[in-house]
Amino acid sequence: MAIKAIANNKFRSFLSMLGIIIGVAAVIVMMAIGQGSKESIRQNISQMGSNIIMIRPGADRGPGGVRQDPSAMQTLKPEDYEKMMRT
């Protein structure tokens, strides 16, 4: 019965198969792009080396994970930089 329905509706069957093929191909392509970009980012990070320190002012959080008022935060001063360069 299914084969007879496919034979009677050739164009509809063709469009259904085409939609399935395009859908599967799109998923495969998106997965490949995601894996490639992940590997590219991993290589960029590994090229930076292990002697890097990142300091982000203003990212301090108080008790309970609540952000502090920016005016109450301590910022880096030239003396802090000099201490870091000495060590």
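Small disclaimer: the values here were computed from a predicted structure and weren't measured. (Residues numbered from 1 in each chain as written. Predicted model: local features only at pLDDT ≥ 70, side-chain atom pairs only at ≥ 80, totals over all residues. Heavy atoms only, no water.)

(A) Representation of the overall build of the chain. Assigned secondary structure in the chain consists of three helices and zero strands. Across the chain, helices and strands are ordered from the amino to the carboxyl terminus as α-α-α. Here the chain holds 87 residues, and the buried ones make up 3% of them. Just so you have it, the chain exposes about 8300 Å², and 64% of that area is on carbon and sulfur atoms. (Helix = DSSP H or I, 4+ residues; strand = E, 2+ residues; numbered from the N terminus. Buried < 20%, exposed > 50% of the residue type's maximum accessible area, 1.4 Å probe, protein only. Areas by Shrake-Rupley, 256 points an atom, 1.4 Å probe, with all protein chains shown as cover.)

(B) The arrangement of a nonpolar patch on the surface in detail. There is a patch of nonpolar side chains on the surface, built from Phe11, Phe14, Leu15, Met17, Leu18, Ile21 and Ile22 and spanning about 740 Å² of accessible area. Accessibility expressed as a relative area gives 43% for leucine 15, which makes it partly exposed. (Patch = residues over 30% accessible without salt bridge, like charges linked within 9 Å, V, L, I, M, F, W, Y side chains within 5 Å. Salt bridge = Lys/Arg side-chain N within 4 Å of Asp/Glu carboxyl O.)

(C) Geometry of helix α2 (residues 10-48). Between its first and last C-alpha, α2 extends 57 Å over 39 residues, near the 57 Å set by a 1.5 Å rise per residue. Just downstream of α2 lies glycine 49, where phi reads positive at about 95°. (Expected span 1.5 Å × (residues − 1).)

(D) Up close: the pattern of salt bridges. Counting across every chain of the model gives one salt bridge. The partner of glutamate 39 in a salt bridge is arginine 42, and the shortest N-O contact between them spans 3.4 Å. Placement of the pair is glutamate 39 and arginine 42 together in helix α2, with a separation of three residues, close to one helical turn.

(E) A look at the confidence of the model for the chain. Chain-level statistics for the chain give a pLDDT mean of 82 and a share of 77% at 70 or above. When mean pLDDT is taken per element in the chain, α2 scores highest with 93 and helix α3 (residues 78-86) scores lowest with 83. (pLDDT = per-residue confidence, 0-100.)

(F) Here's a closer look at the side chain of serine 13. By the secondary structure assignment, serine 13 is in helix α2. The class for serine 13 is buried, based on a relative accessible area of 17%. A distance of 3.5 Å separates a polar side-chain atom of serine 13 from the backbone oxygen of isoleucine 6. (Polar contact = N/O pair within 3.5 Å; in protein donor to acceptor, adjacent residues only side chain to side chain.)

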